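# What the coordinates show
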Amino acid sequence: MIQKDAAKAIKKILAVDDVPFNVPPKREFGDLSTAICLSQAKLQKRAPIQIAEEVAHQLRNVKLPYISEIIVTPPGYLNFKIDHIRYVKSIISRVRRQGEDFGKSNEGRNRRILVEHTNVNPNKAMHIGHLRNAVIGDSVVRTLRKLNYDVQACDYIDDTGVQVADVVVAMLYLDEPFYDGKSEDFGSIWGKYDDKEISFDYWCWDLYSRVTQSFETDEELNAKRAEVMHLIEAQDNPVAVFAKEVATRIVYAHLATVSRLNVFYDLLNWESDIFMRGFWKTAFDSLKSAGGIVYETEGPNAGCWVVKMGKGVHQTEDGVRSEDKVLVRSNGTVVYTGKDIAYQMWKFGVLDRDFLYKRWGTQDNGEELWTTSPDGQPMQRFGMADRVINVIDVRQSYLQQVVYDCLRKLGFKKQARNSTHLDYEVVVLSNAAAAELGVDVNANESGAQAMSGRKGVGVKADDLIDAMVVRLNEKVANQHNAGVLATAAIRYFMSRISTGKMITFDFDEALRTTGDTGVYCVYAHARACSILAKAYPKEQDRDALNIKKMPRQITIPEQELAKKLAEFPSALIKAGQELSPAPLAHYAFELATVFTDFYETPDPDAEKQTPFIKIKDPVLRNYRLALVDVFRQTLANCLDALGIVALERI
RNA sequence: GCGCCUGUAGCUCAGUGGAUUAGAGCAUCUGACUUCGGAUCAGAGGGUCGGGGGUUCGAGUCCCUCCAGGCGCGCCA
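None of these values were measured; they are calculated from a predicted model. (Residues numbered from 1 in each chain as written. Chains lettered and ligands numbered in written order. Predicted model: local features only at pLDDT ≥ 70, side-chain atom pairs only at ≥ 80, totals over all residues. Heavy atoms only, no water.)

Attention now goes to the packing of aromatic side chains. Working definition: an aromatic ring pair is given by the centre-to-centre distance plus the angle between the planes. Within the structure shown, the criterion is met by 30 aromatic pairs. With 4.4 Å between their ring centres and 10° between their planes, F186 and F242 make a pair best called stacked. Note that F186 is positioned in the loop between helix 6 (162-173) and helix 7 (187-190) and F242 in helix 10 (residues 238-259), a separation of 56 residues in sequence. Accessibility assignment for this pair places F186 and F242 in one class, buried. Pairing F505 with F507 gives two aromatic rings, centres 5.1 Å apart and planes at 85°, and the pair type is edge-to-face. The same class applies to F505 as to F507, namely buried. Taken together through their ring pairs, the aromatic side chains of Y156, F279, Y336, Y343, W346, F355, Y357 and F382 make up a single cluster. Stacked on the ring of F284, the Lys or Arg K288 has its end atom at 3.9 Å from the ring centre. (Phe/Tyr/Trp six-rings, centres within 6.5 Å; stacked < 30°, edge-to-face > 60°. Helix = DSSP H or I, 4+ residues; strand = E, 2+ residues; numbered from the N terminus. Buried < 20%, exposed > 50% of the residue type's maximum accessible area, 1.4 Å probe, protein only. Lys NZ or Arg CZ within 6 Å of the ring centre and 35° of its normal.)

Here we come to the protein's contact with RNA strand B. Around RNA strand B there are 66 residues in total, and R329, S498, K501, E578 and Y599 lie nearest to it. When atoms of RNA strand B within 4 Å of the protein are sorted by moiety, sugar and phosphate together comprise 58%. Contact distances for RNA strand B include 2.7 Å between a sugar or linking oxygen and a side-chain N or O atom of Y523. Contacts to RNA strand B include E600, whose side-chain N or O atom sits 3.2 Å from a sugar or linking oxygen. Those elements giving two or more residues to the surface near RNA strand B turn out to be helix 2 (36-44), strand 3 (77-82), strand 10 (319-322), helix 14 (397-409), helix 20 (518-535), helix 22 (568-578) and helix 23 (582-600). Classifying every residue of the surface near RNA strand B by side-chain character gives 29 nonpolar, 17 polar and 20 charged. (Near = heavy atom within 4 Å. Polar contact = N/O pair within 3.5 Å; in protein donor to acceptor, adjacent residues only side chain to side chain. Nonpolar A, V, L, I, M, F, W, Y, C, P; charged D, E, K, R; others polar.)

Okay, the confidence of the model for chain A next. Averaged over all residues, the pLDDT of chain A equals 91, while 97% of them reach at least 70. Scoring of the predicted complex yields 0.94 for pTM and 0.95 for ipTM. (pLDDT = per-residue confidence, 0-100.)

The next point concerns helix 17 (residues 461-473). Since the α-helix turns once every 3.6 residues, residues separated by three or four places project in the same direction. Helix length check: helix 17 (13 residues) gives 18 Å between terminal C-alpha atoms against 18 Å at 1.5 Å per residue, within 8%. Within the span of helix 17, buried status applies to A461, D462, L464, I465, M468, V469 and L472. The buried side chains of helix 17 occupy one side of the element, clustering within an arc of 160° when seen end-on. (Expected span 1.5 Å × (residues − 1). Arc of directions from axis to C-beta.)

Structure, rendered in C-alpha cells:
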C-alpha cells in the first residue's frame, strides 16, 4: 500500500504507466527506491538527477502517508524512508482487522473460472507425477478463490479409454478363472482380488503392468483387448457395466489419496457421460457446418475427418507425413481430441448440451462433491465458465492447441482466447530413487529415469505419504499431526519448484524436514502460537493485541517482518497471474525466515535478547506479541492457499 | 528436420531491466540452549549465471547465434 501510494503519485507527476520499486542496497538510502527517473531521462533528454530532484520536490508537497523522507542519490534514484512507527502500526491493525481475509482481493470480480486437474486414468494407483498435477491444480483453485474468482474444480475421469480397458482385460482374461464372455455375474472375477491383502488401486498397478507385457507376445489377449474396447464403447453390455465398476472403485481410491493432501473438487466429469450425452455429435455437426473440419479422400489421411493444421502434408525423412490432426478415424470412431473439443465447448456453455448430475458424497473438507451420471438430474450449475484452465503436463501442449484452434475455427474466438493450458513439467525419478524401486540403473551416476505406468515403474502417492508419516511420527504429539505435517511437506515439495521445471524425485530430498520445507513453515507457525499461548493463557487477554500505543523505536527485524507481511496480498496476485503455487511457497518460507530472525534477535543492538513474554514494558510487550500474532495469521493464510494446514502445536 | 522447455555454488532451487559484493536450502566444517518450541539459530568455505556476440547509462534478466539436456510433431490418451 505504501508503494502503491508512492507509485500513484509518481505516475501522476511523470505521466508514466508503471513505476517499478525495489530495495536500496544500503539502509541509509532509505527503505524503498525507484529508478524511474533514469529511464525517463532517455525520453526527456535531460539529466536523470535533475528529473529526480524535481519529482522529489513535488512529492514532498503531496505528503505521502508512511513516508518520512525522500532522498535523491546519483545517478538519479528516488529513495524513500518509511515512517516505520505509523507503517508497522497500520500493518498490525490491518491484519488483525481482516484476519483470515487478509491477502484476499477482488481481482476476480466474481468471474467464473473452471479449473480441471488431476485427471488420472482410473486403472491403477496414483503416482507422484499425478500428485504434482493435483497439487498445482488445487493450489491454483485455492489462490483464485482468494482473489474472488468463482472457481469450479473439475476432475475428468477417462473411464472409456484403453487404459481402463486393459485392466478389464487383465481381470477377465489374464488369470483363471476366465470370464465366459456373456455372463452378468462377475463374482468369480472379483474373487481374484482380496481386499484384505492389498488396496484395489495397488492391485491394479501390478495387474496393469503385467497385462501390458503380455500384450507384446500374446495374440489371443490382443484379440480380447479389441473386443473389450469395443464393448466398453458400445456401453450396453455386462462388460461395460463391469468396466464402470472397476473405474469407479479406482476413483474412490484416487479421491482417498488426494484427500490426504487436502485436494478437493466440485465435480467429477466422466468421459462415458460425454459419450452418452451426445457431446461429440453436436460438436461434429458444428465443425462440419463451420468448415473447420474436412473429409479427406486422398493422401495419408484418406477416409478421415481432419482439422487442417500447419503445412498440411509434407515430406520428412520418415516419408509422407501430415501435420493435420485426424478427429474421426477412417473406421468412423472419434479420437480423444474430438471428444475434448466438445468437452471444452461444454465448459464455456456453448455446446448446447449438458450432463446430468447427482451427488457423489461429502468430502473431508465438508464440501459436497458432485458427479456427472446417466441417472442424474439436469442442473444449471456447472460449466458456463468465462475462463477455462486445464492442468495437463507439457507433453500434451500440441493437442491442447488443436482443441483451442478448433474453438477458433468454430467462431468461438473469445473462448479460445480464454482457454489456458496450464502446462507443467513431469516428475522423473533420480537414478537412486529408480534403483530403490528395483529398476536396473547405476544409482551412483547422475541422471534420471522416466516413470512408466505400463512398466509399473513409479513411486505411488500413498507410499510417499506413508513414508513421510513414518519419518515424522517420532517427534510429533499424535498421529493426526504426523499426517498434517506429511501433507505440508509433500505439498510444499511439489509447489516450490517452478511449473516449467522438471522435478527429479529423490527420496532424501522429498522426505527432508529441515530448511526450505513445508515442515519448517508449519514449525514457525506452531512456535508463534506457542508464544501467544504462554503470553496470554486466557483467550480474553488477547484483546491486548489490539494495540493502541507503539514503542518509540522500531528495530530492523521488526521492520523487515512488517514489510514481508505487507507483501502477502501481492504474492497472492502474482501466484494467480502466473497460475503457479511456487511464488506462495517461496513467500511462505521467506516470511517464516524473517519471523524467526525477529524471534531470535528482536533487538540487534542489545547484548542479551529478552523473550517477548518476559518483557516488562507493557507497550513493547503487547506490540511484539501483536507482531507474532499477525505473523501467525498471515502465514496461516498463505499456507491455506497452498492447501497446508497450519498447526498450532506439533 | 521443425516446434516448445530447461541450463545460476558439489546437489536442489530463488532471482520476470536497476545499485560496489548474484541469493536461499541441502551437504561439508566451526560454534550456540538452567529464559518465548534446537524440526532452530550464528559463522566459514563454495559462482567464468552453458559459450560467444549485441541492445542499454545499466543484462542472470531483452535480442541474435552456437552448445548441452529434456519433451513434442500418432487414424494412442
